Amino acid sequence: MSAASCLRSEDQFLCSICLDVFTDPVSTPCGHNFCKNCINKYWNINVPCKCPMCKKVFYTRPELHVNTFISEMVSQFRQEAQQKASSSSSEQQAAKPGEVPCDVCTGTKLKALKSCLVCLTSYCETHLEPHLTASRLKRHQLMDPVENLEDRMCMKHDKPLELFCKTDQTCVCMLCSVLDHKTHEFVPLKEEYEGKKAELGKTEAEIQQMIQKRRLKIQEIKHSVDLSKKDANREIAEGVQVFITLMESVERSLNELIETIEEKQRTTEKQAEDFIKELEQEISELMKRSSEVKQLSRSEDHLHLLQNFPSLKAAPPTKDWTEVSVRPPSYEGTVVRAVTQLEETLSKKMKKLLGEVELKRVQQYAVDVTLDPDTANPDLILSDDGKQVNHGDVKKNLPDNPKRFTRYVNVLGKQSFSSGRFYFEVQVKGKTNWTLGVARESINRKGEFSLCPQNGYWTILLRNGNEYEACNYPSVRLSLKSQLQKVGVFVDYEEGLVSFYDVDVAALIYSFTGCSFTEKLYPFFSPCPNYGGKNSAPLIICPVNQTE
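Residues numbered from 1 in each chain as written. Predicted model: local features only at pLDDT ≥ 70, side-chain atom pairs only at ≥ 80, totals over all residues. Heavy atoms only, no water.

### Here we look at the overall build of the protein chain
No. 1: Helix and strand counts for the protein chain stand at 10 helices and 23 strands.
No. 2: For the protein chain, whose C-alpha radius of gyration is 46 Å, the value lies well above the compact-globule estimate of 24 Å for 548 residues.
No. 3: For the protein chain, the exposed area adds up to about 30,600 Å²; of that, 50% sits on carbon and sulfur atoms.
No. 4: In the protein chain, which carries 71 positive and 75 negative side-chain charges, the distance between the mean positions of the two groups comes to 4 Å. (Helix = DSSP H or I, 4+ residues; strand = E, 2+ residues; numbered from the N terminus. Rg over C-alpha atoms; globule rule 2.2 N^0.38 Å. Areas by Shrake-Rupley, 256 points an atom, 1.4 Å probe, with all protein chains shown as cover. Lys, Arg positive; Asp, Glu negative; His and termini not counted. Charge placed at Lys NZ, Arg CZ, Asp CG, Glu CD.)

Now the structure itself:
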């Protein structure tokens, strides 16, 4: 094959009027080539005659003859193109069910590679070539192959859908914009496509965020169940430890205790399972919507995206899980209530064992407490480690601040608590007067006040070496069989409970119940005046050694 034939391309043999390969090619006096029928029709309309390419005017209509050289070249080109198409067709795959077939192929329909929005035709690789090589056809808009290209035409005006009516939120043709929608606002399809695609991207991000929140909520619920199960197992074990010492006649009480605890656990697990199932269902729906949104977002089909956008622009309706949680059930006093129902023949040993179990239960919530020097009355002496406090004989010159007690010899702990449970122990050995407990943040620290819950104090105290009181309103005298050496303080913020324990004999001293906590709580200490050395022993915050 000659070098000239190797360089042949379809552009050389296209009529600039019909944009197709020459049929009976003729040459004008100015040297341009056209199909004979095309140039004759053109000159029949345009008078005087002029060249469609260079616009040269011929005042006398030229007599045209078929250019045999170009005709032979066109014939040769057609044969080569047919051979190439035949060879290419054998290599390409036939369109499978669900795939878009080539509209030009005769016989076996090959799989379409692109669809032309101008020609409203789908092309296989072979028949697409003119759109990739011919300069006029390169201007056509190609897209991934789609079926039903006629749906892209205006049903009323039979024109391509090229504009988007923002007023009616629909795709329209050029004629629609000047007739039916002439007062409306329009944008090109591509511009609206980009906007909607950006919205879909935002929707996808929101859906992914919702999915992540629900996965985190599942983890939170599972963690709550694990904590609940640990509490239940521990409570069961402690109940067994108490009841194994009882006579056979109280075995029924033990079984009832276990059943009560397990029923609470089953209820908690059932609630968690229901929440998880509902969350997983929402995740499934969100993932399905996410997949649909992703698929639509990747579409280059403007019309398809715009037509499906309204149904996918927002996430499917879901439940607000922000405030939903699985709260482990409270087992406070479960064993105590079971034991109190037993017969009066329970021995003193059993009461001792019960006290040890209760103390052990609250000791697991032990926290590290240190004294806050910024709150300490100037008469108090604090140890360097912040664990001891006693009343001194010399008033220190300390800067006053809103946090400091100035009238009474009190001090608060540095640590504050606004949720959950906490426990600490204080040694009161050798003292004749002291006050211990917790106080809310907004207490009066400057003037006179009484220690009671109404004023933000939940405390017990010792006066004159042997008078114990719970500072309620009115105050409650406490009858203790032995002098207190070490006091345990336990708080359950959500339950509104403040309890005091005699650590040495593992016995409950007193409980404030039904409290309503709405702000931070601080450990509260008052070593009271030393009374000439009679009460000089310090209050000491002790490390908690859990009862064996």
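### Things to note about the state of the cysteines
No. 1: For the structure on display, the rule yields 0 disulfides.
No. 2: Here C18 stays free of any disulfide, with the sulfur of C38 as its closest cysteine sulfur at 3.9 Å.
No. 3: On the accessibility criterion, C18 (37% relative accessible area) is partly exposed. (Disulfide = S-S within 2.5 Å. Buried < 20%, exposed > 50% of the residue type's maximum accessible area, 1.4 Å probe, protein only.)

### Points about the environment of M174
No. 1: Along the chain, M174 falls in helix 5 (residues 174-178).
No. 2: Separated by 131 residues in the primary sequence, M174 and W43 have C-alpha atoms spaced 30 Å apart.
No. 3: Sequence-distant contacts of M174, that is, excluding residues within four places in its chain, are made with P160, E162 and L163. (Contact = heavy atoms within 4.5 Å.)

### A short note on the confidence of the model for the protein chain
No. 1: Per-residue confidence for the protein chain gives a mean pLDDT of 86; residues scoring 70 or more make up 92%.
No. 2: Mean pLDDT across the secondary structure elements of the protein chain bottoms out at helix 1 (residues 3-6), with 39, and peaks at strand 22 (residues 521-526), with 98.
No. 3: When the criterion is pLDDT under 50, residues 1-7 qualifies, and its contacts beyond four places in sequence or with other chains add up to 3 contacts. (pLDDT = per-residue confidence, 0-100.)

### Describing the sheet that holds strand 18 (residues 476-478)
No. 1: The 6 strands lie next to each other as 13-22-15-16-17-18, forming an open sheet whose pairing is antiparallel. Every other strand in the sheet has two partners, leaving strand 13 (411-412) and strand 18 as the edge strands with one partner each.
No. 2: Of the strand pairs in this sheet, strand 15 (residues 434-440) and strand 16 (residues 457-463) are connected by 6 bridges, and their pairing is antiparallel. The residue bridging L436 from the neighbouring strand is I460, located in strand 16. (Pairing = 2+ DSSP bridges.)

### What about a nonpolar patch on the surface?
No. 1: A cluster of nonpolar side chains, contributed by L175, V178 and L179, occupies part of the molecular surface with about 250 Å² of accessible area.
No. 2: Within the element layout of this structure, V178 appears in helix 5. (Patch = residues over 30% accessible without salt bridge, like charges linked within 9 Å, V, L, I, M, F, W, Y side chains within 5 Å. Salt bridge = Lys/Arg side-chain N within 4 Å of Asp/Glu carboxyl O.)

### Structural notes on the nonpolar core
No. 1: Core analysis: the biggest nonpolar cluster contains 37 residues, and W434, V487 and F525 have the highest contact counts within it.
No. 2: Those residues in contact with V487, other than ones at most four positions away along the chain, are F424, E425, V426, V428, W434, L436, I460, F500, Y501 and V503.
No. 3: F164, C171, Y193 and V324 belong to the second-largest nonpolar core, a separate cluster that totals 35 residues. (Core = buried A, V, L, I, M, F, W, Y, C linked by side-chain atoms within 4.5 Å.)

### Examining the pairing of strand 15
Strand residues, when the strand is regular, have side chains that alternate between the two faces of the sheet.
No. 1: The element strand 15 is extensively covered by neighbouring structure, given that 6 of its 7 residues are classed as buried.
No. 2: Pairing between strand 15 and strand 22: 6 bridges, direction antiparallel. Paired with A439 across the strands is Y522, a residue of strand 22.

### Structural notes on the sheet that holds strand 12 (residues 388-391)
No. 1: Reading across from one edge, 11-12-23-14-19-20-21 is the order of the 7 strands in this open sheet, with antiparallel pairing throughout. Looking at the sheet topology across the chains shown, the edges are occupied by strand 11 (380-382) and strand 21 (507-512). The average angle at which neighbouring strand axes cross in this sheet is 20 degrees, direction not considered.
No. 2: Pairing analysis gives 6 bridges linking strand 19 (residues 486-492) to strand 20 (residues 497-502), with the strands arranged antiparallel. Directly across from V487, in strand 20, lies its bridge partner D502. (Axes fitted to C-alpha atoms, helices over the stretch in contact; angles between N-to-C directions.)

### Re the packing of helix 6 (residues 189-243) against helix 8 (residues 302-312)
No. 1: The N-to-C vectors of helix 6 and helix 8 enclose an angle of 40 degrees; their axes lie 10 Å apart at closest approach. Between helix 6 and helix 8, the crossing angle belongs to the class labelled oblique. Crossing geometry of helix 6 relative to helix 8 is assigned as left-handed. Across the interface between the two elements, L189, K190, E192, Y193, K196, K197, E199, L200 and T203 of helix 6 pack against H302, L305, L306, F309 and L312 of helix 8. (Parallel < 35°, antiparallel > 145°, perpendicular 65-115°, else oblique. Left-handed = near helix turned anticlockwise from the far one by under 90°.)

### A few points about the pairing of strand 17 (residues 467-470)
No. 1: A one-sided burial pattern is seen for strand 17, the buried positions being Y468 and A470 and the unburied ones E467 and E469.
No. 2: The pairing of strand 17 with strand 18 spans 3 bridges and is classified as antiparallel. Within the sheet, the bridge partner assigned to E469 lies in strand 18 and is R477.

### Some points on the environment of I540
No. 1: With respect to the element layout, I540 can be found in strand 23 (residues 539-542).
No. 2: In this structure, the C-alpha to C-alpha distance between I540 and C119, residues 421 residues apart in sequence, is 93 Å.
No. 3: Apart from the residues within four sequence positions on either side, I540 is in contact with K387, Q388, E425, V426 and Q427.

### Quick notes on the side chain of S177
No. 1: Mapping S177 onto the fold places it in helix 5.
No. 2: Separated by 2.5 Å, the side chain of S177 and the backbone oxygen of M174 make a polar contact.
No. 3: In contact with S177, other than residues within four places in its own chain, are L163, K182 and F186. (Polar contact = N/O pair within 3.5 Å; in protein donor to acceptor, adjacent residues only side chain to side chain.)

### Topic: the packing of aromatic side chains
No. 1: One pass over the full model with this rule turns up 14 aromatic pairs.
No. 2: Where W434 meets Y468, the ring centres are 6.2 Å apart and the plane angle is 55 degrees; that geometry is what we call tilted. Taken together, the positions of W434 in strand 15 and Y468 in strand 17 put the pair 34 residues apart, joining distant regions of the chain. Each member of the pair, W434 together with Y468, is buried.
No. 3: Among the aromatic residues, those joined into a cluster by ring pairs are F405, Y408, F449, Y457 and F524.
No. 4: Above the face of the F309 ring, K196 is positioned so that its terminal group lies 5.2 Å from the ring centre.
No. 5: R361 extends its terminal NZ or CZ atom over the ring of F490, reaching a point 5.7 Å from the ring centre. (Phe/Tyr/Trp six-rings, centres within 6.5 Å; stacked < 30°, edge-to-face > 60°. Lys NZ or Arg CZ within 6 Å of the ring centre and 35° of its normal.)

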